[in-house]
Amino acid sequence: MPYVYENVGGLTNQQANILQAIMWFIIMLSFYFIFARLGDKVNRRKLYGTGGLIGIAAWIILAYLEINWFVLASFVILWGIHEGIGGQGFYALWATELFAPKYRGASQGFMFFLVRALTGLWSLVYPVIIENWGFTVAGTFLIISLIIYLIIGVIWTPDTRGKPLEEITAERYGTKK
């Protein structure tokens with residue numbers, strides 16, 4: 001994001017990094033006050049879906065409106081909330097809940113490796129897309145990815161809310177006899 005803030009938004013490096021720090025603070029607040037406090041009390045599909053819709057709205061604002069301080073602030077707030085209740089928390093939760101105990105560590109490691117590797121590859125391609133086709137096209141790619149992320153998460157997430165790990169494991173893998 002600092003690259004976008006500087007090269008598309010016209011901010012200085014210092015302004016871009018401050019904006020990113022503010023976003024991380026919002027992510028922490030969102031994670032603590034929404035995901036951590038409500039994640040086992042409310043319908044997780046709805047929480048995930050809400051996070052997905054907020055993320056899509058954030059990118060629509062950034063990709064399709066003329067970038068100014070209001071647009072940047074709106075994006076930072078919305079994306080920060082999205083990130084606090086979106087994918088990262090759910091990926092960690094699902095990796096713990098949905099894999100058999102003997103595979104949990106490996107599954108989490110693989111999942112986080114895959115996400116980080118794909119993010120790294122996207123980070124190499126993203127500036128090229130911006131330079132060659134413009135920021136709106138790059139933002140549209142992200143919006144399409146978020147729509148896919150939203151659909152997959154809302155349709156296929158399991159209903160494990162309030163269940164202990166032992167019950168989830170027994171439901172998915174049976175009990176040893």
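Residues numbered from 1 in each chain as written. Predicted model: local features only at pLDDT ≥ 70, side-chain atom pairs only at ≥ 80, totals over all residues. Heavy atoms only, no water.

## Focus on the layout of surface pockets
Empty space within the largest pocket amounts to approximately 1300 Å³. The wall of the largest pocket is formed by 33 residues, among which Trp79, Glu83, Val115, Thr119 and Leu142 lie closest to the centre. For the lining of the largest pocket, the elements supplying multiple residues, two or more each, are helix H1 (2–7), helix H2 (13–38), helix H4 (69–85), helix H5 (87–98), helix H6 (104–133) and helix H7 (135–156). Here the lining of the largest pocket takes eight residues from H6, the largest share from any one element. Considering only residue class, the lining of the largest pocket consists of 21 nonpolar, 10 polar and two charged. (1 Å grid on protein atoms, 1.4 Å probe; cavity = no way out; pocket = protein on both sides within 12 Å on 5 of 7 lines; lining within 4 Å. Points joined across faces, edges and corners; volume = space filled by probe spheres on them. Helix = DSSP H or I, 4+ residues; strand = E, 2+ residues; numbered from the N terminus. Nonpolar A, V, L, I, M, F, W, Y, C, P; charged D, E, K, R; others polar.)

## Some points on a nonpolar patch on the surface
A contiguous nonpolar surface patch, about 730 Å² in accessible area, is contributed by Phe110, Phe113, Leu114, Leu118, Leu121, Leu124 and Val125. With respect to the secondary-structure elements, Phe110 resides in helix H6. (Patch = residues over 30% accessible without salt bridge, like charges linked within 9 Å, V, L, I, M, F, W, Y side chains within 5 Å. Areas by Shrake-Rupley, 256 points an atom, 1.4 Å probe, with all protein chains shown as cover. Salt bridge = Lys/Arg side-chain N within 4 Å of Asp/Glu carboxyl O.)

## Some details on the packing of aromatic side chains
Tallied over the entire structure, the rule returns 11 aromatic pairs. Consider the rings of Tyr32 and Phe33, whose centres lie 4.9 Å apart with planes at 85 degrees: the pair is edge-to-face. With a relative accessible area of 43%, Tyr32 lands in the partly exposed category. Under the relative-accessibility criterion, Phe33 is labelled partly exposed at 47%. Each ring, one from Trp122 and one from Phe141, has its centre 6.4 Å from the other, and the planes form 80 degrees; the classification is edge-to-face. (Phe/Tyr/Trp six-rings, centres within 6.5 Å; stacked < 30°, edge-to-face > 60°. Buried < 20%, exposed > 50% of the residue type's maximum accessible area, 1.4 Å probe, protein only.)

## Comments concerning the side chain of Arg44
Looking at where Arg44 falls in the secondary structure, it is placed in helix H3 (residues 44–64). We classify Arg44 as buried; its relative accessible area is 7%. In terms of polar contacts, Arg44 uses its side chain to reach the backbone carbonyl oxygen of Gly39, at 2.8 Å. One polar contact links Arg44 to Asp40, side chain to side chain, over a distance of 2.7 Å. In contact with Arg44, not counting residues within four places along its chain, are Gly39, Phe90, Leu93, Glu97, Thr160 and Arg161. (Polar contact = N/O pair within 3.5 Å; in protein donor to acceptor, adjacent residues only side chain to side chain. Contact = heavy atoms within 4.5 Å.)

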